[in-house]
Number of protein chains: 2
Amino acid sequence: MSQGEHISSGFDEDLAELKANFLKMGGMVESHVAGAVTALVDNDGHLGEKIRDADKQVDQLELLIDEEATHIIARRQPTARDLRLVIAVIKMVADLERIGDEAKKIAKLAISLAEEGKAPRGYVEVQHIANHVRGMLRDALDAFARLDPEPAISIMKEDKRVDEEYKTAARSLLTFMMEDTRNISKCMSVMWILRALERVGDHACNIAENVIYMVEGEDVRHKPTKWAEQVVGS
Amino acid sequence: MSQGEHISSGFDEDLAELKANFLKMGGMVESHVAGAVTALVDNDGHLGEKIRDADKQVDQLELLIDEEATHIIARRQPTARDLRLVIAVIKMVADLERIGDEAKKIAKLAISLAEEGKAPRGYVEVQHIANHVRGMLRDALDAFARLDPEPAISIMKEDKRVDEEYKTAARSLLTFMMEDTRNISKCMSVMWILRALERVGDHACNIAENVIYMVEGEDVRHKPTKWAEQVVGS
């Protein structure tokens, strides 16, 4: 085997490991969002504590992936699509870390609601939006795994729907708070949970945008490109 | 002039431009946070609209800086501290963009509160926390400009104080909402504004962490390093 082939094969392995770790982290935060919402709905403080504490593993994976990405750039000097992949991972890993933070936030609120007693409203909406944004996240990770920018468009459409669902749920909670002041404190916790889930949707959307950039070399953020037009025109 | 010097000089110019644009974007989002809070406190819907619309410039700068950073990595193949600087900029620019988003969010709430009539409480707390997080952001940008990791430690300490201030203000608003249900809707807007400002503090803290990484080559996120110990031990 020539030296060139050797380097190239090591490069491919590095990239494959980077991608595998990124997907591992993605799967981890998705399961944390699911677990945190289950802890809430089942009034399961113990599960909430498990999810809260598990966020440390997410943070460690973030550091590892960042290190790997920097190492690849420094040692392998990737260009074109490979470089875009590494840079996209550096950006997307921050989104995954924040999804992990949102899951942790939900878990902590689930713990206190398990102690105080459930909130009187909003759990159905929480479950619905949680399923929605988890689906978006899975699709975004799948788009990344298959280097397929097409699903990214539908993720952006979904994000608009999640925003609407969030607004509707928040309005309904607000009305309920006005009806009975005894509901305010617990309903506020549910409000923060809804907000955290809406943010998870935003981060899934960021990941989708980065997959497009990675594959197409086109930065679709903030621009009326063909991608954005497809979304707006839907 | 030799070819080597020419390339090196171009490299330095590229890095200098990258840094200048980053600082320009930082100054821009700091002024947007200030403007959005002024719009709120002065009940100035027109200023609110100006700030809301000005976020487009922030987004454009983000795209430009990302492009410059990618270009430098691809063409100049920086190593060691130079590479860390470019990677840190790629990460920090996402924080600045999100600070811009928070300012836009505050501006939009300021516009609706200017229409509905001011909220009965919370403006003093908003101003206080806004000044606090703007100071943190300025210090973080300054640490970046001077490549000085020392101020980063105090920024992390400040972030803990902002979190406490935020919690106190949120608790007090919650109590006020419970006292009179007619306050709920407007007080919720102030609650979202406080939350947005608290997030600005978090982003300033992220920038500070990246400055440390950039200068020291040490990733202080999520780790009990000497930096974190200095913070915890304070």
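In the annotation of an unreviewed UniProt entry, the entry for chain A reads Phosphate-specific transport system accessory protein PhoU, and the organism field reads Marinobacter santoriniensis NKSG1. The annotation that UniProt attaches to chain A under Sequence similarities (unreviewed entry) is "Belongs to the PhoU family." The record in UniProt for chain A states the following under Subunit (unreviewed entry): "Homodimer."

1. What about the interface of chain B and chain A?
Contacts between chain B and chain A engage 35 residues on the former and 35 residues on the latter. Summing both partners gives a buried area of about 3400 Å² for chain B against chain A, and 63% of it is carried by carbon and sulfur. Per-residue buried area on chain B facing chain A is highest for B:R98, B:W192 and B:H222; these three make up 19% of the total on that side. Counting every contact that joins chain B to chain A gives 8 salt bridges. Between A:E62 and B:R221 there is a salt bridge, with the nearest N and O atoms lying 2.9 Å from each other. Applying the counting rule to chain B against chain A returns 8 residue pairs in polar contact (both at pLDDT 80 or more). Listing elements by their share of the side of chain B that touches chain A, those giving two or more residues are α2 (45-76), α3 (80-116), α5 (150-179) and α6 (184-216) of chain B.

2. Some thoughts on the state of the cysteines
Per the counting criterion, the structure on display carries 0 disulfides over all chains. We note that A:C187 lacks a disulfide partner, and the nearest cysteine sulfur, in B:C187, lies 16 Å from it.

3. Observations concerning helix α4 (residues 123-145) of chain B
Taking 1.5 Å as the rise per residue, α4(B) with 23 residues should run 33 Å; its terminal C-alpha atoms sit 32 Å apart, in good agreement. Where α4(B) terminates, the next one or two residues include B:L147, which has phi positive at roughly 50°.

4. Concerning the packing of aromatic side chains
Going through the model one piece at a time under the given rule, you end up with 3 aromatic pairs over all chains. Ring geometry for A:W192 and B:W192: centres 5.1 Å apart, planes at 85°, overall edge-to-face. Linking A:W192 in helix α6 (residues 184-216) with B:W192 in helix α6, this pair reaches from one chain into another. Taken as a pair, A:W192 and B:W192 share a single burial class, namely buried.

5. Concerning the UniProt feature "domain: PhoU" (unreviewed entry) in chain A
Under the UniProt annotation, "domain: PhoU" (unreviewed entry) lies at residues 23-109 and 127-211 of chain A. What you have in residues 23-109 of chain A is 93% helix and 0% strand, and the ends, taken at the C-alpha atoms, are 27 Å apart.

6. Remarks on unusual backbone geometry
Of note in the backbone geometry, A:A80 takes a positive phi value of approximately 45° without being a glycine. Even without being glycine, B:L147 reaches a positive phi, approximately 50°. By relative accessible area, which is 25% here, B:L147 ends up partly exposed.

7. A short note on the relation of the copies chain B and chain A
With an axial shift of 0.0 Å and an RMSD of 0.0 Å, the rotation relating chain B to chain A amounts to 180°. Those values place the two copies in the arrangement expected of a two-fold rotation axis. By residue overlap, the copies meet face to face through one surface: 100% of the interface positions of chain B are interface positions in chain A.

8. Concerning the nonpolar core
If you look at the biggest cluster of nonpolar residues, it comprises 164 residues, and the most contacted ones within it are A:L197 and B:L197. If we skip the residues at most four places from it in the chain, B:L197 touches B:V33, B:V37, B:I106, B:V126, B:I129, B:A130 and B:V133.

Each value, and the rule that gives it
- All residue numbers refer to positions counted from 1 along the written sequence of the respective chain.
- Following the order in which they are written, the chains are lettered starting with A and the ligands numbered starting with 1.
- Owing to the predicted nature of the model, reporting of local features is limited to residues with pLDDT of at least 70; listing and counting of side-chain atom pairs is limited to 80 or more, with chain, interface and lining totals taken over all residues.
- With hydrogens and water excluded, all non-hydrogen atoms of the structure serve as input to the side-chain values.
- UniProt positions are given in the numbering used here, feature names are shortened, and annotations may be inferred rather than shown by experiment.
- Any two residues whose heavy atoms approach within 4.5 Å at even a single point are treated as in contact.
- Summed over both partners, the accessible area (1.4 Å probe) lost when two parts come together is defined as the buried area.
- We count a salt bridge whenever a side-chain nitrogen from Lys or Arg sits within 4 Å of a carboxyl oxygen from Asp or Glu.
- As used in this structure description, the phrase polar contact means that two N or O atoms lie within 3.5 Å; if the pair is within protein, one of them must be able to donate a hydrogen and the other to accept it, and residues adjacent in sequence are counted only when both atoms belong to side chains.
- Only DSSP runs of H or I with at least four residues qualify as helices, and only runs of E with at least two residues qualify as strands; both kinds are numbered from the N terminus onward.
- The disulfide criterion used throughout: a pair of cysteine sulfur atoms within 2.5 Å.
- Each residue after the first adds 1.5 Å to the expected span of a helix.
- Two rings from Phe, Tyr or Trp (for Trp, the six-membered ring) form a pair when their centres sit within 6.5 Å of each other. Planes less than 30 degrees apart are called stacked, planes more than 60 degrees apart edge-to-face, and all others tilted.
- Exposure classes here rest on a 1.4 Å probe applied to the protein chains alone. A residue is buried below 20% of its type maximum, exposed above 50%, and partly exposed in between.
- The superposition of copies rests on a least-squares fit of C-alpha positions from residues with pLDDT of 70 or more in both.
- Buried Ala, Val, Leu, Ile, Met, Phe, Trp, Tyr and Cys residues form a nonpolar core when they are joined through side-chain atoms within 4.5 Å.

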